[in-house]
Amino acid sequence: MNFDLTEDQEMMRDMFARFLDENSSMARVRAAAPSGFDAELWKGLGELGALSIRVPEDAGGLGLGLFDAAILMEEAGRTLVSGPLAEALVSARLLAQLDCNQTAELLGRVNSGEAVVSLAFRDIATDPVQWVAGGLVAEAVVARMGNDIVLVSVPESGRKAEENLAGTPLAEIDLAAHPRVTLASGADALTTFAQGIEEWKLLIGAGLAGIGREALKLASAYACERKQFGQFIGEFQAISHPLADLLCDVDGGKFLVWKAIRDIADGAKNAGAAISLAGWWNADAAARAVAQALHTFGGYGLTTEYDIFLFNLRAKAWPLVLGDPQRLIEEAGRRLYGSEQAALPDAGAMPIEFDLGEDAKTITREIEEFFAKNVTPEMRETFHYSWEGYNPELNRKLAAANLLYLGLPKDVGGRGLSSYAKIAAMDAFEVQGYNNPAAGVTQMVALIINRFGTEELKQEVLPRLMRGEAICSLGYSEPGSGSDVFAAQCRATPDGNGWRIDGTKMFTSGANLSDYVLMLTRTNPDVAKHKGLTMFIVPLKADGVTVQPVYTFQDERTNITFYDGVHIPDSWRLGDVDGGVRTMSASLELEHGGGFGKYQRAMLQAAEALCRDIRYQGRPLIEDASAQVRLARTTANAWVSDLITFRAQWVIAEKKPNHAYGPMAKMFSSEKFLSDSRDLIDLTAPVSLSKRKGPAAEINMYYRHAQGSTIYGGTSEVHRSMIAERGLGLPRTRA
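In what follows, the accompanying structure is described. Just so it is clear, the structure is predicted and the values come from calculations on it, not from any experiment.

Quick notes on the nonpolar core
No. 1: Ranked by size, the top nonpolar core spans 222 residues in total, and within it Val 142 and Leu 465 carry the most contacts.
No. 2: The element that contributes the greatest number of residues to this core is helix α7 (residues 187–223), accounting for 16 residues.
No. 3: Not counting the four nearest positions on each side in its chain, Val 142 is found in contact with Ser 91, Leu 94, Leu 95, Val 117, Ser 118, Leu 119, Ala 120, Ile 149, Val 150, Leu 151, Leu 183 and Phe 193.
No. 4: If you look at the next biggest cluster of nonpolar residues, it comprises 15 residues, including Val 517, Met 519, Val 545 and Ile 568.

Here it is in structure tokens:
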């Protein structure tokens, strides 16, 4: 897996960034009005080779890949380049690809920035009058005309300025009214032109990601400066949390562009759909990001004194020249679930890699073979996504095969899988229908015992855990503390040679099945709340422990546990007295920024299967355009969940700077899991109301399961605060 640019690409991006910071500053963008075109900037881009980045070397260009052009476009979006850059890049490549001798001189001037050529999106044989991005300054337009690809020469008299939303050099042109030459004809020429349109969707998507990111940066900076009611407005969750949501959306859009390019390079089946979804997603995400950014400025955002309005208008102007972006998700639906095929452009070199590697493939095969050999149909009947799916016999077998504690370091006795291989392993278990939350908690307890436990714990408890003979539950939450674990009031007081524990723990899932609970207790009420905590291992069969079931509508059992004078020896303490926070930190070694992608994908597959079975207006529901759009939206959400999770895994594995990427993965995927579960149970109703075995029961179950995903493991509100602070540089948030 790799999210890094090559060294050459880093240098190229830095070069473009420095140039654009100086030559496409907001002062220059404003100065380019009202035409919206900066001729001096354009010539500078030509001198840097930017305009010929996709033109083959033998035609005088740089001959670089689609990803290199996307890097340029992201910087162009960040700086609101004054000119039709995406259209110019595609048009220059088309001129070179169609290799018409009579355009060689024009291509040279296009490459150098002395001339502008743009693009028409629809067949001028049927739609001769079209809005053209950069049409006000373009001396020619590449277009399709029936079975021909033509170059329409547009004289100055045919280019009339017209006020428009963002003050860009947009013009409505009657392309049939001006001289034209045929560049090429026939199927190959039409395919080449169609490839150019697909490339434009990705380039404009990358540009929109740049616009959205910069708008959020401006809003965050303002929220750190502006005070209201005596506090920086960035301290208020009503300001910071929407920005945190949008950071996930904007980053996800950039990664969708990357995924589409990667899929093209790999010849992936759904590469065409990935292009459509990348275009749609970024148009939507950028529009929402700039609107929320402007809202952060309040009334000042409406004035022309602040730059944020420029981002707001450009975010709409750039994609709408193609038409309604909703058409792109409709197109994605047809490409995913219909017969529509896309003409894929050549991707060129692509360093970004989402493959999990050979270790991931190896562990996947090992898990498949283990289940085929060791799991009976009767065992499968007991599988459940909650703790209630715990099977003692299978747990011991997994331990014996070293498949139980996959993320636990080898020095503790675990498998020590890389974060990438662990993703694959979790997916492999999901394919088998097996989920084992007991293993996740128990391996965390094993790690803490190994790091902080006494010899007694290491001799008596740890071996039982490692052999799969015992499991542990987690005693963090309390009735009054929720996600604020540092507010724990369950008391541990000295008692002879040990400790007496009194109090209550809430949501002690698995306590009815577990042998031990990892207990966070209050040992000093007279210091800061995070300093007076101590951790213990408490046997759940000890005198004074009561486990009371709490049932959820998700078909899960959790527990409330009561501790009334429970005595444990001091040797069962973990770490220093009042040093519980440091002890807890050991568990961070096992934090890998996981999300709910595996559940989202399984839910989508169940919905697809049900949509093939359900009849609507005399045909399978999956053939309905509206159903295809909704399934496509879920596909996009699942892809982005995976991509954001991959980034979180990658920064951990490669020891890169981590700006709350784990919380982003958890928060985004859980929120989309919840919203998509609502939509898909609606889409497949009324069959989805049934719990009959098969996809209907799965949709029903995923809807109920998703309700808790935004709560446990840290609520979305907690994670939004972390994203705002570490991802956007906002101050600590307040309710």
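Regarding the packing of helix α9 (residues 271–296) against helix α10 (residues 308–320)
No. 1: Between α9 and α10, the shortest axis-to-axis distance is 9 Å and the interhelical angle comes to 160 degrees. Of the possible angle classes, the one that applies to α9 and α10 is roughly antiparallel. Crossing geometry of α9 relative to α10 is assigned as left-handed. Every residue of α10 that contacts α9 at Ala 283, Ala 286, Ala 287, Val 290, Ala 291, Ala 293 and Leu 294 is listed here: Ile 308, Phe 309, Phe 311, Asn 312, Ala 315, Lys 316 and Pro 319.

Quick word on unusual backbone geometry
No. 1: Going from Ala 33 to Pro 34, the amide bond is cis rather than trans, its omega being 5 degrees.
No. 2: In this structure, Pro 34 sits in the loop between α2 (26–31) and α3 (39–48).
No. 3: For the bond from Ala 685 to Pro 686, the omega torsion is 0 degrees, close enough to zero to count as cis.
No. 4: Relative to the assigned elements, Pro 686 resides in the loop between α22 (661–683) and α23 (695–706).
No. 5: Even without being glycine, Phe 507 reaches a positive phi, approximately 55 degrees.
No. 6: Locating Phe 507 in the fold gives a position in the loop between β11 (498–506) and β12 (516–522).
No. 7: Of note in this structure, Asp 578 is not a glycine but carries a positive phi near 65 degrees.
No. 8: Considering the arrangement of structural elements, one finds Asp 578 in the loop between β16 (573–574) and α19 (580–585).

So, the sheet that holds strand β3 (residues 140–145)
No. 1: Spatially, the four strands line up as an open sheet ordered β1-β3-β4-β6, and their pairing is mixed. Here the strands that pair on one side only, and so sit at the sheet edges, are β1 (117–119) and β6 (180–185). Averaged over all adjacent pairs, the angle separating strand axes in this sheet is 30 degrees, with direction ignored.
No. 2: Summarising the sheet, strand β4 (residues 148–153) and β6 pair through five bridges and their orientation is antiparallel. In the sheet register, Leu 151 faces β6, and the bridge partner there is Val 181.
No. 3: Contacts from helix α5 (residues 85–98) reach β1, β3, β4 and β6 within the one sheet, and its direction differs from that of β1 by about 100 degrees.

Remarks on the pattern of salt bridges
Pairs may arise between side chains of opposite charge once their charged atoms sit close together.
No. 1: Within the structure shown, the criterion is met by 44 salt bridges.
No. 2: Notably, a salt bridge pairs Asp 4 with Lys 656, separated by 2.8 Å at the nearest N-O pair. Highlighted residues: Asp 4 in the segment before α1 (7–23) and Lys 656 in the loop between α21 (625–653) and α22, separated in sequence by 652 residues.
No. 3: Of the residues examined, Asp 4 reaches a relative accessible area of 25% and is grouped as partly exposed.
No. 4: The exposure class assigned to Lys 656 is partly exposed, which follows from its relative accessible area of 31%.

Focus: the environment of Gly 333
No. 1: Along the chain, Gly 333 turns up in helix α11 (residues 326–337).
No. 2: Sequence separation of Gly 333 and Leu 277 is 56 residues, and the distance between their C-alpha atoms is 9.1 Å.

Remarks on the layout of surface pockets
No. 1: Computed from the structure, the second largest pocket encloses a volume of approximately 1100 Å³.
No. 2: As for the second largest pocket, its lining consists of 36 residues, and the residues nearest its centre are Glu 430, Gly 433, Glu 698, Met 701 and Tyr 702.
No. 3: Those elements that place two or more of their residues in the lining of the second largest pocket are α11, α13 (377–381), α15 (419–431), α20 (597–613), α21 and α23.
No. 4: Ranked by the residues each element gives to the lining of the second largest pocket, the list is headed by α20, at eight residues.
No. 5: The residue makeup of the lining of the second largest pocket, split by class, is 13 nonpolar, nine polar and 14 charged.

Conventions used here
Residues numbered from 1 in each chain as written. Predicted model: local features only at pLDDT ≥ 70, side-chain atom pairs only at ≥ 80, totals over all residues. Heavy atoms only, no water. Core = buried A, V, L, I, M, F, W, Y, C linked by side-chain atoms within 4.5 Å. Buried < 20%, exposed > 50% of the residue type's maximum accessible area, 1.4 Å probe, protein only. Helix = DSSP H or I, 4+ residues; strand = E, 2+ residues; numbered from the N terminus. Contact = heavy atoms within 4.5 Å. Axes fitted to C-alpha atoms, helices over the stretch in contact; angles between N-to-C directions. Parallel < 35°, antiparallel > 145°, perpendicular 65-115°, else oblique. Left-handed = near helix turned anticlockwise from the far one by under 90°. Pairing = 2+ DSSP bridges. Salt bridge = Lys/Arg side-chain N within 4 Å of Asp/Glu carboxyl O. 1 Å grid on protein atoms, 1.4 Å probe; cavity = no way out; pocket = protein on both sides within 12 Å on 5 of 7 lines; lining within 4 Å. Points joined across faces, edges and corners; volume = space filled by probe spheres on them. Nonpolar A, V, L, I, M, F, W, Y, C, P; charged D, E, K, R; others polar.

That's the geometry; what it means functionally is another story.
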